[in-house]
Structure formats: structure tokens, C-alpha cells
Amino acid sequence: MHKPAFLITIDTEGDNLWQKHDSITTENAKYLPRFQQLCEKYGFKPVYLTNYEMAIDPAYIEFAKDVIARGTAEIGMHLHAWNSPPTVPLTDDDWRYKPYLIEYSDAVMRDKVSYMTQLLEETFQTKMVSHRAGRWAFDERYARLLLEHGYQVDCSVTPKVNWQPAKGAPQGTGGTDYRDFPQRAYFLNENDIRREGNSSLLEVPMSIQHKHSALMNSIKQGYDRLRGKVRSPSVHWLRPMGGNNDTMKRVVEQTLAQGNDYVEYMLHSSEYMPGGSPTFKNEHDIERLYEDLDAFFAWLAPKTQGMTLAEYYQYKVAAK
């Protein structure tokens, strides 16, 4: 690999899941070809981490089969536990609380991972090797299930971010605390996912950088503790938020300066559709997003090479 990899990960899921729904629409599938076209212009290869409602959407199936056939993208697995079959109620209103998969029993976890893997593999006639957990909630049991089902890459780790304050089931302890996890890719220890080990599962953490200096972060966290609050330090993700190209460039530069051999971008599929998210509310916002992305990709293309997660995995295995 002559240049660092640019990994594009898309949480491919229903429309505007930030809103409280009791049903899910999948209109955003029709907006993905435009993003795919932009990626292909720069030789980048997105990974569409696909959840249940998208895996059964006819427009998305047609789109995904085309990019697989042309070798211009990868389809991976993404799992939202509250609506992914087999449905087993965990709370009195799972659609409201959106419980984490790691809050279910081992048996239910296994059934859900098995179902989604089989559905995707049968629908797209290709082996699933890449995965991201719904709501970023990952643990050792989950890692072992991925290994059992032949996955090679996970990208659920968000370094520097503590998801414990974000509740799933009201009786639960919240999401995963990633504050002391590595920020570089590593073959994880299936008995302690924060450590490097001998498993065949490659963890590829998100590209996330602190917003403030270490001193400022410690002052802010001390102040939070005095007020009885628990929060992660403020961070910047490699993620478009509307007009944040300079910030994304800084995240790339800092990540590569720290010795990483990749940078990882993420967005939700619904964020490419007007009104599909709180961030991009209308057509004007979407046009601005595409202007930003075109400029950002043009800046990034000479510095990196586009890869899928599966391709990056093969590179890491060869480099071992």
C-alpha cells in the first residue's frame, strides 16, 4: 500500500431514525446512486453496512447488486436489535428505547446475527465480511459471534467516546465506553476487545480526534464531575456535518500524523436525502453537502487510496 487507505463507511438504514417512529420508511435508497457516482469519480469504494429494512427494500437491492457486480463498493452488515428479526421484546416499547443488541441474552444475540448474515448473503449472493454494530454497542460476546459467522472486519469502535450515558433499555447500563480503546486498526482479543490479540477479527476504529487540548479536556471533565455529569470529551469525527470541511481535513491530518495507515469516514444513508436527518433538512442542505464532499474528496484523493474494508483487511493480513 503506497498511500494510506480511505475507508468510506455508510450506516445503511431507514429514513430519519432520529425521530420517534413506530414504522420505518426506506426512501433514502433512491438517493444513494448520486453518492456512489461521486465516490467513483475519485476512485473511492464505499462500504454500505446494511440493516434489516434496507436489506428487504427493492430499490436498495437493485442498487447493491449493481455495485457488487461492478466491484465499486462493498456490502456489509449493520444490526439494529429492536427491529431486526427474530423480534423478541426486551422492554415495554423497544421502538421507543431502541435497546442495544448487547443488552439481549446470548441466544437472542446469536439468532439475530445469524438471521441478518443469512438474509444479506442470500439476497446479495456474496459472503458478509464487514460489520458495524447498531448504536456503536460492541462487546466480547458480539465479537465471538462475528468470528463464528466468518466476519473479518468490525468498525464499531469509536475511540475517545463513552456511550454509557446513552441509554438503550431503561434497566440497562447504556452503551460501550471506548475512551481507552486503540485508535489504530488491530486484530482484537476476543476475551478483551480493547486489546490486541490473536483472533482473525480486525477492528478498524473510526477516525475521531479531540476538539480541545488534553489540559482543556481535563478542566472540562473536572467541571462536569463537580456537577455530577458524565460526558465524553468533545471530539470531531471524520463525518460531514454541513460546512465542516476544514474540521474534516484536520481530523485526516491528525490521524495520519499519529501513524495510522487509514482514515475512516462515516455517514448514515438517510443523510444523503433531503429531510432524511436532522442535519440535512432540505434540498439546499443536500446540495451544500455535495459541494463540500466534492471539494473534500478532491483534496483527499492525492493523499490516499480508496479501499473497501475487505480490501483493507487483505492488506493487513498480508502485512502481518
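The rules behind each value
- Residues numbered from 1 in each chain as written.
- Predicted model: local features only at pLDDT ≥ 70, side-chain atom pairs only at ≥ 80, totals over all residues.
- Heavy atoms only, no water.
- Salt bridge = Lys/Arg side-chain N within 4 Å of Asp/Glu carboxyl O.
- Helix = DSSP H or I, 4+ residues; strand = E, 2+ residues; numbered from the N terminus.
- Buried < 20%, exposed > 50% of the residue type's maximum accessible area, 1.4 Å probe, protein only.
- 1 Å grid on protein atoms, 1.4 Å probe; cavity = no way out; pocket = protein on both sides within 12 Å on 5 of 7 lines; lining within 4 Å.
- Points joined across faces, edges and corners; volume = space filled by probe spheres on them.
- Nonpolar A, V, L, I, M, F, W, Y, C, P; charged D, E, K, R; others polar.
- Expected span 1.5 Å × (residues − 1).
- Arc of directions from axis to C-beta.
- Contact = heavy atoms within 4.5 Å.

A. Examining the pattern of salt bridges more closely. This structure, assessed with the given rule, holds 19 salt bridges. Across the pair D292 and R288 runs a salt bridge whose closest N-O atoms are separated by 3.4 Å. Separated by four residues within a single helix, D292 and R288 lie in helix α9 (residues 283-300), roughly one turn from each other. Relative accessible area serves as the criterion here: at 40%, R288 is assigned to the partly exposed category. Each of D180, D192, R194 and R195 takes part in one network of salt bridges that share partners.

B. Representation of the layout of surface pockets. Taken as a whole, the largest pocket spans an internal volume of roughly 800 Å³. The wall of the largest pocket is formed by 32 residues, among which W18, W136, W163, R239 and H268 lie closest to the centre. Those elements giving two or more residues to the lining of the largest pocket turn out to be α4 (94-97), β10 (235-237) and β11 (262-268). It is β10 that provides the largest number of residues to the lining of the largest pocket, a total of three residues. For the lining of the largest pocket, the class distribution of residues is 15 nonpolar, ten polar and seven charged. By volume, the second largest pocket is sized at about 200 Å³. In this structure, the second largest pocket is lined by K45, I68, G71, A73, E74, I75, T126, K127, V129, T308, A310 and E311.

C. Here's a closer look at helix α5 (residues 106-124). In this model α5 runs 27 Å from its N-terminal to its C-terminal C-alpha over 19 residues, within 8% of the 27 Å that 1.5 Å per residue would give. Turning to α5, its buried residues number three or more, namely V108, M109, K112, V113, M116, T117, L119, L120, T123 and F124. The arc that holds the buried residues of α5, viewed along the axis, is 160°, so those residues lie on one side. In the core, the buried residues of α5 are packed alongside β2 (46-50), α2 (52-55), α3 (58-70), β3 (74-79) and α6 (140-148). Looking one or two places after α5, you find Q125, whose phi comes out positive at around 50°.

D. Main features of unusual backbone geometry. Following P85, the chain continues to P86 via a peptide bond in cis, the omega torsion being -10°. The backbone phi angle of W136 is positive, close to 65°, even though this residue is not glycine. The class for W136 is buried, based on a relative accessible area of 8%. Of note in the backbone geometry, K160 takes a positive phi value of approximately 80° without being a glycine. Along the chain, K160 falls in the loop between β5 (153-154) and β6 (186-189). Judged by relative accessible area, K160 falls into the buried class, the value being 11%.

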